[in-house]
Amino acid sequence: MEFNKENLRKIRGLILFTIIVLIALWKYTVVLEALGFLLGIMFPFLLGAAIAFILNVPMHFIEEKLFYNKKTKNQKWAKRLSRPVSLVLTIIFVLGIISLVIFVVVPKLGSTFMSLGKSIQAFVPKVQIWVEELFNNNKDVVALVNDIRIDWDKVLNGIMSFFKNGAGSVLGSTFTVAKSIVSGMTTFVIAFVFACYILLQKERLNIQVRKIMYAYLKREYVEKILDICSLTYKTFSSFLTGQCVEAVILGAMFVVAMTICRLPYALLVGVLIAFTALIPIFGAFIGCVVGAFLILMDAPMKAVIFVILFLVLQQIEGNLIYPKVVGGSVGLPSIWVLAAVSIGGSLMGVVGMLVFIPIVSVIYTLFRNHVYGQLEKKGLQIDQESGNPVELSKAEAADSGNGITGNEN
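Note that the structure is a prediction, hence the values are computed from the model and not measured. Position labels on residues start from 1 in each chain and follow its written sequence. Where totals are concerned, whole chains, interfaces and linings use all residues; where local detail is concerned, this predicted model gives features only for residues with pLDDT of at least 70, and gives and counts side-chain atom pairs only at 80 or more. With hydrogens and water set aside, each side-chain value is computed from the structure's full complement of heavy atoms.

Asks: How would you explain the environment of Asn388 if you had to name every residue and give the values?
Replies: Each helix is a run of H or I in the DSSP string that is no shorter than four residues. Each strand is a run of E no shorter than two, and both are numbered from the N terminus. With respect to the helices, strands and loops of the structure, Asn388 is situated in the loop between strand S1 (380–382) and strand S2 (389–391). For every residue, the accessible area obtained with a 1.4 Å probe (protein chains only) is divided by the maximum for its type, and the residue is called buried under 20%, exposed over 50%, and partly exposed between those limits. For Asn388, a relative accessible area of 45% translates into the label partly exposed. Should any heavy atoms of two residues lie within 4.5 Å, those residues are considered in contact. For Asn388, the residues in contact, after removing those within four places along its chain, are Gln381, Ile382 and Asp383.

Asks: Explain the packing of aromatic side chains to me, using residue names and the numbers behind them.
Replies: The description of two aromatic rings rests on the distance between their centres and on the angle between their planes. Geometry of aromatic contacts follows a simple scheme: Phe, Tyr and Trp rings, the Trp one being its six-membered ring, pair when their centres are within 6.5 Å, and the pair is stacked under 30 degrees between planes, edge-to-face over 60, tilted otherwise. The full count for this structure, using the stated rule, is 7 aromatic pairs. Here the aromatic rings of Phe285 and Phe310 are separated by 5.3 Å at their centres, their planes lie at 70°, and the arrangement is edge-to-face. A residue pair is termed long-range when its members are at least 10 positions apart, and Phe285 in helix H11 (residues 283–298) and Phe310 in helix H12 (residues 300–325) qualify at 25 residues. Look at Phe285 and you get partly exposed, because its relative accessible area is 42%. Taken together, the aromatic side chains of Phe254, Phe285, Phe306 and Phe310 make up a single cluster linked through ring pairs.

Asks: How would you summarise helix H2 (residues 28–67) if you had to cite specific residues and measurements?
Replies: To get the bend at a given residue, fit one axis to the seven residues ending there, fit another to the seven starting there, and take the angle between those axes. The sharpest bend along H2 comes to roughly 50°, located at Met42, with the proline Pro44 sitting one to four residues further on. Within H2, burial applies to Pro44, Gly48, Ile51, Ala52, Leu55, Asn56, Val57, Met59, Ile62, Glu63 and Phe67.

Asks: Describe the packing of helix H9 (residues 219–260) against helix H10 (residues 266–276), and please don't skip the residues or the numbers.
Replies: In the contact formed by H9 and H10, the axes pass within 8 Å of each other and the chain directions differ by 160°. By the criterion of interaxial angle, the relationship of H9 to H10 is roughly antiparallel. The way H9 lies across H10 gives a crossing that is right-handed. On the side of H9, the interface is formed by Ala247, Leu250, Gly251, Phe254, Val255, Met258 and Thr259, while H10 contributes Ala266, Leu267, Val269, Gly270, Ile273 and Ala274. Classes in brief: Ala, Val, Leu, Ile, Met, Phe, Trp, Tyr, Cys and Pro nonpolar; Asp, Glu, Lys and Arg charged; the others, Gly included, polar. Of the residues in the contact of H9 with H10, the class split is 10 nonpolar, 3 polar and no charged. Axis geometry follows a simple rule: fit a line to the C-alpha atoms, using only the stretch in contact for helices, then measure angles between N-to-C directions, giving values from 0 to 180 degrees. For classification purposes, an angle smaller than 35 degrees is called roughly parallel, one larger than 145 roughly antiparallel, one from 65 to 115 roughly perpendicular, and anything else oblique. Left-handed describes a crossing whose near helix is turned anticlockwise from the far helix by less than a right angle; the clockwise case is right-handed.

Below is the structure:
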């Protein structure tokens with residue numbers, strides 16, 4: 001190795017990097033505390049960026065449909081009003097959904113669970129009579145069912161004791177709770193204002209970020225980063241849009257079908273399934289379990305009808321609606337969707353289930369493109385039937401990527 005200025009600069013940088021890593025490993029607690037402190041400072045802005053990313057999907061749709069159609073595309077007033085009006089309509093739309101949940105779903109759930117104790121009290125004797133009729137010749141089963149006794153006074157006392165202890169602990173730490181609420185509200189307000197600023201000035205911010213990147217990074221690195229960012233945005237927005245539309249369609253199907261079949265809690269169960277269906281794969285089944293339990297307390301046979309109805313509608317939704325609405329928007333095979341949901345759920349809960357599918361889809365797409373690029377360099381394609389490599393001619397190598405390798409989805 002020649003000890004010229006360039007090599008000496010690289011060696012100094014490597015030595016400095018090694019020293020920093022060793023110090024970070026030695027004083028890792030200090031490093032973690034510093035990272036936590038920085039994260040606490042940056043959290044409102046990170047939350048604002050996430051809110052802006054989510055709101056940008058419906059805002060972009062409204063902007064395109066209202067202000068950039070054939071009639072208003074070249075109008076000056078449309079260019080001036082498109083962004084603020086679209087943002088206001090998006091906020092009104094989101095607040096409408098939140099209001100629907102707060103003023104329709106939550107009170108209904110509250111009243112349902114308040115009357116659940118009485119429903120269970122009335123339900124247990126019905127079950128005992130039904131089991132006696134079903135197992136009339138089996139005295140052991142009948143005796144076992146008749147021995148079921150629920151001390152409702154004890155259950156109610158336990159619930160009241162829980163709420164009393166919880167209320168006492170809350171009252172004992174009123175200042176802490178108030179401080180947390182004020183801090184959370186402040187964080188949300190800062191994040192929301194920052195999100196609005198991003199949405200109103202996103203083109204200018206895009207140009208500023210590009211200037212910084214081109215100033216300090218090599219051009220090929222910048223282009224790769226921009227390609228990854230573009231792929232990430234397309235994947236996330238397609239997944240979010242498709243999942244929301246699919247959830248609304250599924251919820252509406254349940255409301256209509258349950259109303260026709262005269263099943264109780266049609267609106268409540270439909271809205272509940274629509275919200276839980278936002279969780280990929282498992283979400284609708286969560287709504288099914290809750291809905292079946294609620295209907296079971298009212299009419300056991302109708303709960304069976306509801307489960308059958310759910311299975312039928314789930315098949316229609318999975319085989320006809322989901323492929324049309326969501327389809328291959330995330331470009332991820334089913335086995336990797338299941339893996340992404342499982343890993344995301346174990347790491348971050350419900351949020352992880354929603355976030356990990358687009359993340360894994362982006363990684364999958366980048367890795368697949370890299371694999372195809374490596375095969376193209378070697379002049380190979382993989383036969384989809386046998387899995388054997390096939391040598392490409394020069395003409396085929398120039399048009400590689402559209403041939404035998406194809407799409408394994």
